[in-house]
Each structure stands twice: as structure tokens, then as C-alpha cells.
Protein chains: 2
Amino acid sequence: MADLTLTTFDWVPEMPRGFVRDLRVRWALEEARLPYRVASVPFRDRSAEHFAHQPFGQVPWLTDGDISIFESGAILLHLGERSDALLPTDPHQRNEALKWLFAALNSVEMASLPWSLLVFSGESGGTSAWTRFDGFLQSRLRHMEPVLAGRKWLAGPFSVADVLMADVLRLVDRFDGLAEYPACRDYVARATARPAFAKAHADQMAHFAAADRAAAFPT
Amino acid sequence: MADLTLTTFDWVPEMPRGFVRDLRVRWALEEARLPYRVASVPFRDRSAEHFAHQPFGQVPWLTDGDISIFESGAILLHLGERSDALLPTDPHQRNEALKWLFAALNSVEMASLPWSLLVFSGESGGTSAWTRFDGFLQSRLRHMEPVLAGRKWLAGPFSVADVLMADVLRLVDRFDGLAEYPACRDYVARATARPAFAKAHADQMAHFAAADRAAAFPT
């Protein structure tokens, strides 16, 4: 049962720390109290072995015995099938969780990722591309706001849909994109107050801090 | 068993015809030979009822008895659980299908959608936003090319992962974005040569053509 291994980078720059996508998997594993170990691959030199597990050369991936899974959504679906702390067994709640899991990725992150790329590169203002992609994100948040004003968690009980949606909105919040969406902001605060999130976040920060120490004091 | 209803718009402009996302669901239903009916909602006036099924006011959604599902990925996962013509039962093939289903949406479409928004709005050239988003798409296609050069379908047998990946790449191909990726282009040609795709595509075109006739000759 303890045969779960999460693979992430050995090191990343300061900026993405706390937001590397292995966090989604750590968070879900902590919620489900599933034992796992963490392995590292080089950030700088990505091997053929790395691409065999993650064809785009990204992280994370998870191995469960002889099954290797990439894409945070696919990993969370797999873990959801192992634990009803992550995916409710009631058919209607399960359906809610699955559709919101996809919506977090393909409706909300689809809009928040281009937006955050432009913000991060200092292009937030003026250009027609900014107007277009900021409008795209607002159109999504405007519809998320009444949804999240009306419920504590997306599917009834907390589920993998909340891990993904909260993590997606958390990055928007980092760049102050939720100022006009109080229900979205409250939802992020509620989700990130969970002990499993705090543990996952602290573990990711410690993982990359350890890499800095190893680089400063090579053996 | 014939209790599947796919809901799409009653009408859309010429440009998106043949690319409205109900096509993904039609295609999967045809592959699985599952009987279904098609219902319409107004493109222009989107009701509270519409938002109750699809919280972003988009299409499609599918009802299966008293279960209502939005997000093409969630719908295809649901249909995959009903038919092994869509999702293999072998655990390794099933895992391949599920991770590529998410990859189609969250790694490839995540990059192709901003790219196609810029192409569609005539912003394909010169600007730093174009350079950024074109580079983002190329980074994904560069990795898809060897994957698709090495296999006929993503999971072994044809699956829902191919419905999504082929539909995502088909829109890139429409804007001539696959010129340098022959394996991706061949894959799209191979997928869209399937009788189930041809039927789904013809049915979507006929659905919107019927709306034009109804508008021209109101009863």
C-alpha cells in the first residue's frame, strides 16, 4: 500500500516555489492519509527516462506499483479512485466532483494560465492581447463567484475538485486577480486553511530549500 | 438505455461550425454506438436553466437519466465508463487513455487555445504576446510529434483520449499550425477518417444548417 512515489524537480527558482504542481498531488495524498515517498529529477538536464514518464518534460508524475501517471488531473482522479476522502461514492456527488475537476483545469485554468503568463512577464496593461486574456479570465471568475458563494466545497464534501480549483485560483490570488471576487477569495482561504494543504505546502518549500543547502555545501 | 441527451446551441455563426464542442461528444457516442438525442438551447439568450446545467453558459452538456454532466472531458470520461469502445478495460491501457485525455485538455489545448484566439483575432505576428503563446504551443507540439510518430492511437486501441487530442489538434491544423509536425497532421487525418467522426461532423453541420432554414422561413 505504501508503493506510491511522487516525482518532482530537484530544484526550482524562488518564484514558483509553493506553486509547483506536485503540490496538488501532495495535498491530495495528505487529505487521504496515503503514505508516499518523494523522488527528484534534475530541473536542468531532463533525461529520456524523465520524458518516458512525463512526455512534456514537466513534473509531477506518480507511480503506483507498475502504473506511472502524469497530468495532475489524471493523478488526482487515480487517487480519488483509491480514497473516498478525495472522491465521494454517492453517484451525484461523484459526478459533481468529476465535472468540477475538469472545469478547474479546462474552464478556469485555461483562462488563468495565459493571464498569469502575461502578468508574470509584465505585460498586464494596454496591449490588445492583455485586454483579450484579462476579459477571458473575468468571464470565468464572474461565473465562479455565484457558484462559490453558494457552497462550501464544489461537490458537497471536500474532494479532488477542490484541490484543483483552489490551487488554480490561488495563483490568480497571488497576482491579486480575485480582488473583485470575494467568494472566490474566501474559498481559497478556506481551502488553504486545511491542515493537509499546510503540510503539503511546507513539505514542498522544505524540499526546494534542501536543494539550496545541498548546492551551497556540496559533498 | 437510450436515455442520453446531448444539449448544444440552437445556432452558431458560420466560423465555429464543425468545431463546436458538442462534436467531441457526438463522435464518442457514434464510436460507442450509444443511442442519443440532441436538444438545443438558445445561443443568444442563455437562461438560468442553461447555467444550472453549464455554469459558464457554454455547451455541450449531457444528461444520462438524472445525471447532468458538463465539460467535454467529464462527459467523455462518463461515456468511457459505459463503453469499452471508448476506454480500454486493461489497467495499463486504461491509464494511458486517462492520462492522455487530461494531457489533450490541460497540456495541449491549454497552449493551442490562446494561440488560436490570437490567430483568429489577427494578432499572429510581431507582438511579444504572440511570440510567447506561439512558443508555448510549439513547445507542446515538439513533444507530441515523437509520441504520435510512434503509435497509431494514444492508448493502444482507439479511445476517448484520441477523440480529444485529435479534436484539439484539428483546430490547430485549421489555422495551418501543424505544417512542421507531419506525425501530428497524419494523426489528425487518421482520426478524422473514422466513420464515427464523419457522422458526428455531418450531424453538427446539419444541425446548424437546419437553424438557418428555420430562421429564413419562420413558422
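Fair warning: this is a prediction, and the values are worked out from it, not measured in the lab.

**Looking at helix H3 (residues 72–82) of chain A**
Argument step 1. Most of H3 of chain A sits out of view: nine of its eleven residues are buried.
Argument step 2. Restricting attention to buried positions, one finds in H3 of chain A the residues Ser72, Gly73, Ala74, Ile75, Leu76, Leu77, His78, Leu79 and Gly80 of chain A.

**What about the domain arrangement of chain A?**
Residues and elements named next belong to chain A.
Argument step 1. Taken domain by domain, chain A holds domain 1 (4–85 + 196–216) and domain 2 (91–193).
Argument step 2. Between the C-alpha centres of domain 1 and domain 2 there is a distance of 22 Å.
Argument step 3. Contacts between domain 1 and domain 2 engage 16 residues on the former and 21 residues on the latter.
Argument step 4. The junction of domain 1 with domain 2 conceals about 1,700 Å² of combined surface from both sides, 66% of it contributed by carbon and sulfur atoms.
Argument step 5. Looking only at domain 1, the three residues that lose the most surface to domain 2 are Phe19, Arg24 and Trp27, adding up to 38% of its buried area.
Argument step 6. In this assembly, domain 1 and domain 2 are joined by three salt bridges.
Argument step 7. We note a salt bridge from aspartate 167 to arginine 24, for which the minimum N-O separation is 2.7 Å.
Argument step 8. Linking domain 1 with domain 2 are five residue pairs in polar contact (both at pLDDT 80 or more), by the criterion used here.
Argument step 9. Going through the elements one at a time, helix H1 (22–32), H3 and helix H8 (195–216) are the ones with two or more residues in the side of domain 1 that touches domain 2.
Argument step 10. The residue inventory of the side of domain 1 that touches domain 2, partitioned by class, reads eight nonpolar, four polar and four charged.

**Looking at helix H4 (residues 91–120) of chain A**
For an α-helix, 3.6 residues make a turn, and residues three or four places apart therefore share a direction.
All names here are of chain A.
Argument step 1. End to end, H4 covers 40 Å across 30 residues, agreeing with the expected 44 Å (1.5 Å per residue, within 8%).
Argument step 2. Along H4, the largest kink reaches about 50° and is centred on glutamate 109.
Argument step 3. For H4, the tally of buried residues reaches 23 of 30 residues, placing the bulk of the element in the interior.
Argument step 4. You can read the cap of H4 off the contacts: a side-chain oxygen lies 3.1 Å from the backbone nitrogen of histidine 92, and it is on aspartate 90.
Argument step 5. Among the residues trailing H4, glycine 122 stands out with phi positive, at a value near 75°.

**Considerations on the interface of chain A and chain B**
Argument step 1. Facing 46 residues of chain A, the contacting portion of chain B comprises 46 residues.
Argument step 2. A per-residue breakdown of the area chain A buries against chain B is headed by Phe56, Phe102 and Asn106 of chain A, which together make up 17% of the total.
Argument step 3. The partner of arginine 132 of chain A in a salt bridge is glutamate 123 of chain B, with the nearest N and O atoms 3.4 Å apart.
Argument step 4. Inspection of the region where chain A meets chain B yields 17 residue pairs in polar contact (both at pLDDT 80 or more).
Argument step 5. Among the elements of the structure, strand E4 (67–70), H3, H4 and helix H5 (128–149) of chain A are those that each provide at least two residues to the side of chain A that touches chain B.
Argument step 6. In terms of residues, the side of chain A that touches chain B owes the most to one element, H4 of chain A, which gives 20 residues.
Argument step 7. Looking at the side of chain A that touches chain B, its residues break down into 26 nonpolar, ten polar and ten charged.

Reading the values: the criteria
Residue positions within a chain follow its written sequence, with the count starting from 1. Here every chain gets a letter starting at A, and every ligand a number starting at 1, in the order they are written. With the structure being a predicted model, the display of local features is reserved for residues of pLDDT at least 70 and the display and counting of side-chain atom pairs for 80 or more, all residues being used for whole-chain, interface and lining totals. To obtain the side-chain values, all non-hydrogen atoms of the structure were used and water was disregarded. Three labels apply to residues, based on accessible area from a 1.4 Å probe with only protein chains included: buried if under 20% of the type maximum, exposed if over 50%, partly exposed otherwise in between. The secondary structure listing takes helices from DSSP runs of H or I that are at least 4 residues long and strands from runs of E that are at least 2 residues long, numbered from the N terminus. Here the limits of each domain have been adopted from an automatic or database domain assignment. In this description, contact between two residues means that some pair of their heavy atoms is separated by no more than 4.5 Å. What counts as buried area is the accessible surface, traced by a 1.4 Å probe, that two parts surrender upon association, with contributions from both included. Salt bridges are identified by distance alone: a Lys or Arg side-chain nitrogen within 4 Å of an Asp or Glu carboxyl oxygen. N or O atoms within 3.5 Å of each other form a polar contact, as long as, within protein, one can give a hydrogen and the other can take it, and as long as residues adjacent in sequence are counted only when both atoms are side-chain atoms. Under this grouping Gly is polar, as are all residues other than the nonpolar Ala, Val, Leu, Ile, Met, Phe, Trp, Tyr, Cys and Pro and the charged Asp, Glu, Lys and Arg. To estimate the expected span of a helix, subtract one from its residue number and multiply by 1.5 Å. Given a residue, its bend is the angle between the two axes fitted to the seven residues that end at it and to the seven that start from it.

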